[in-house]
Amino acid sequence: MKTDLRKLGVLLYHTSPSLDHMKNCPVYQSWAEDLTSLSRHEELLPLQKVLTAMAEEALTTLEPFYRFLEEQAEDVPLEVYLKAGKVAEANLEYNPYSSFLLSWVSMLGWTTSLGAKLYDQRGGLPYNGWADIPYACALTGKAVGGLRIAREIVDHSYEMLQAANLKYLEMFKPAITRYRQLAGLINKKYEIAIQNLSEDIWISCHPDEPNFRAEFRAIVWSLGLVPECEALSTPQYVPSRRFVRFIVRQSLKYIPQDSLLQYLWLEMKDRPPINIREHISLFAEINFRYDQNLLDMMLPEPPSAVYAQMLINFFRGEVTENEARKYIDMWSGMYGAIKASVVNVERSVNIRMDLLCFLLAREFGMISGEGYEHQYLDWQKEMASYAIELNLLYPERLELGAKVNTALFYLLDSEFREYAKARPDSKASGFERVLEAIEEVRASSLSYWMRVAPPIPFKVEGRKAQSLLQNESNLLRGLRGAYFLMLYPILPLHFHRYVADQNVLNQRFEFSAKEGRRLYKELMSQLDALYDELDEVVPRYTEKRRKPMATLLDLSRAIRSHRESIPNNFDPTSPI
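Computed from a predicted structure; not experimentally measured.

Considering the packing of helix α19 (residues 347-363) against helix α21 (residues 406-421)
Thought 1: At a minimum axis distance of 10 Å, the contact between α19 and α21 shows a crossing angle of 40°. Regarding the angle of α19 to α21, the classification is oblique. Between α19 and α21, the residues in contact are Leu-355, Leu-359 and Arg-362 and Thr-406, Ala-407 and Tyr-410, respectively.
Thought 2: Grouping the amino acids of the contact of α19 with α21 by side-chain chemistry returns four nonpolar, one polar and one charged.

Take a look at the structure:
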């Protein structure tokens, strides 16, 4: 699954801004009194104990709730969870805060009671409750400000209903219509929230002091958009509103998995020229403590926060040489721990923190040795390619986008500067290096597709080559299957229809992304061994399989072939 309804429920609780006002404050909008009153409803008596305990504890702890999940949730009848959702909807206008807690307890209790059966289908039908229980939680979650997660709950539940056997879809039409309408309302409210935050950020990018130009530049740079970041170095340049909205959207998309972006946004907290806390629903997402970077949780001063402060000050021109050395020393120690596998940090974080060291060292003349800059940037490019290929094994993660390609801009800039100064007879080799750098990163992004779509073989001689190519075809078929297993958890839920006989499949192998990764690596190892054999028979074909990037010669041939196909009397201005 793309995500899990239980995890979404927990995240909704922690990112709903109204909960901050409710915790340890039972008199806020009389939520505790009203929740206690709702718990006395005759049909909700099995939930009375946990609801009353949550009201009495004023949400300072969730121990009563977790104890309920462990000890009682499975024994509560489905009808009670359904009725709790209905009561929460009916009470929403009177008190959205108590309604949210009631529907939230109902959804988490229901998902816990079903356990591993939550996503099963009985004869093509999802379990009872999908049409109503998540709907009530998303509806009330919207009312307390948890917009993004409420939208994800709606999308997830809508998809689950659509996964029902086609002959049953008619019975779910009213529920599907309700989910669509709720999705529209949430999206509209979320779009307004993004527009409002984007407008404030756009205003803060104007050159008048105080401003957030350096902070915005740091965010843009960390997203890998170096040319756009460089444009902001011009004092009077102000980015367009459309571009600012794009950056806000990208940031909110990546923040749950990217500690560097999150801490850059947190640097704008409680400071003029804008009050980011006023954007209540979005600030709750930005300010939530995600489990992204183990080092941030282990060390007294989170390295991601140090990175954010250093990058902002660097763009502001306020970094001293001593501060730069301190950051470089900090990262050297961290990198040693990462390299020794003491801790595991997401590779795009490593790449950007390391590249900031390079920028600081270059700024203060700490780089020595001829050609070191170029060698470093070339190494960074290889690390980016490796990170992109590694990310292929985890489709459930967000795509890295341009975040790991930041060094590629500096590498190309260096190459083109050399190219401009080079003699005419050596310019071809300079252009070839530029093309190679771009192609290596492009090929890593398309690595799977280039593997499963082999090029047309060159002239094949002998039966041995034919046999080896047939072996390759068989291995590639297995590779496609392994990739499907890796994709399975994030595919639309209607794919679950085709795994109805999963018990039979499980007798052969585990139907999971983990098994897909294991098979993928195993098949890639077998393909490498096969190419060693093929190399003796069809070396040109093997070279293409191992290095699928286009070369300057390939580009030249393609252009020449295209030119030769154009008639001499062709008029480019004539209509087709």
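Remarks on unusual backbone geometry
Thought 1: Of note, the amide linkage connecting Glu-209 to Pro-210 takes the cis form, showing an omega dihedral of -5°.
Thought 2: When you line up the elements, Pro-210 lands in the loop between α10 (173-204) and α11 (213-222).
Thought 3: The omega angle of the peptide bond from Pro-272 to Pro-273 is 20°, so this bond is cis rather than trans.
Thought 4: If you trace the backbone, Pro-273 turns up in the loop between α14 (259-266) and α15 (280-287).
Thought 5: For Asn-24, which is not glycine, the phi torsion reads 60° and is therefore positive.
Thought 6: Mapped onto the fold, Asn-24 is located in the loop between α2 (18-22) and α3 (31-39).
Thought 7: On the basis of relative accessibility, which here comes to 59%, the residue Asn-24 falls in the exposed class.

Re the pattern of salt bridges
Thought 1: Evaluation of the coordinates by the stated rule reveals 26 salt bridges.
Thought 2: Residue Arg-362 pairs with Glu-373 through a salt bridge whose shortest N-O separation is 3.3 Å. In this pair, Arg-362 is assigned in helix α19 and Glu-373 in helix α20 (residues 372-391), connecting sequence segments eleven residues apart.
Thought 3: On the basis of relative accessible area, Arg-362 is assigned to the partly exposed category, the value being 34%.
Thought 4: Linking Lys-381 and Asp-378 is a salt bridge whose minimum nitrogen-to-oxygen distance equals 2.9 Å. Residue Lys-381 and its partner Asp-378 are both found in helix α20; the two are separated by three residues, about one turn of the helix.
Thought 5: The network of salt bridges with shared partners includes Lys-86, Glu-89, Asp-132 and Arg-178.

Quick notes on the nonpolar core
Thought 1: With 83 residues, the main nonpolar core has Ile-201, Phe-216, Trp-221, Trp-265, Tyr-307, Tyr-327 and Leu-360 as its most contacted residues.
Thought 2: The element that contributes the greatest number of residues to this core is α19, accounting for ten residues.
Thought 3: Trp-31, Leu-38, Ala-131 and Ala-163 belong to the second largest nonpolar core, which has 68 residues in total.

With respect to a nonpolar patch on the surface
Thought 1: A cluster of nonpolar side chains, namely Leu-294, Met-297, Met-298 and Leu-299, defines an oily patch on the protein surface of about 350 Å² accessible area.
Thought 2: By secondary structure assignment, the location of Leu-294 is in helix α16 (residues 294-298).

Here's the deal with α3
Thought 1: In terms of burial, α3 is a largely internal element, seven of the nine residues being buried.
Thought 2: Of all the positions in α3, only Trp-31, Ala-32, Asp-34, Leu-35, Thr-36, Leu-38 and Ser-39 are classed as buried.
Thought 3: Contacts made by the buried residues of α3 are with α2, α4 (48-57), α6 (78-91) and α7 (96-114).

Criteria and thresholds
- Residues numbered from 1 in each chain as written.
- Predicted model: local features only at pLDDT ≥ 70, side-chain atom pairs only at ≥ 80, totals over all residues.
- Heavy atoms only, no water.
- Axes fitted to C-alpha atoms, helices over the stretch in contact; angles between N-to-C directions.
- Helix = DSSP H or I, 4+ residues; strand = E, 2+ residues; numbered from the N terminus.
- Parallel < 35°, antiparallel > 145°, perpendicular 65-115°, else oblique.
- Contact = heavy atoms within 4.5 Å.
- Nonpolar A, V, L, I, M, F, W, Y, C, P; charged D, E, K, R; others polar.
- Buried < 20%, exposed > 50% of the residue type's maximum accessible area, 1.4 Å probe, protein only.
- Salt bridge = Lys/Arg side-chain N within 4 Å of Asp/Glu carboxyl O.
- Core = buried A, V, L, I, M, F, W, Y, C linked by side-chain atoms within 4.5 Å.
- Patch = residues over 30% accessible without salt bridge, like charges linked within 9 Å, V, L, I, M, F, W, Y side chains within 5 Å.
- Areas by Shrake-Rupley, 256 points an atom, 1.4 Å probe, with all protein chains shown as cover.

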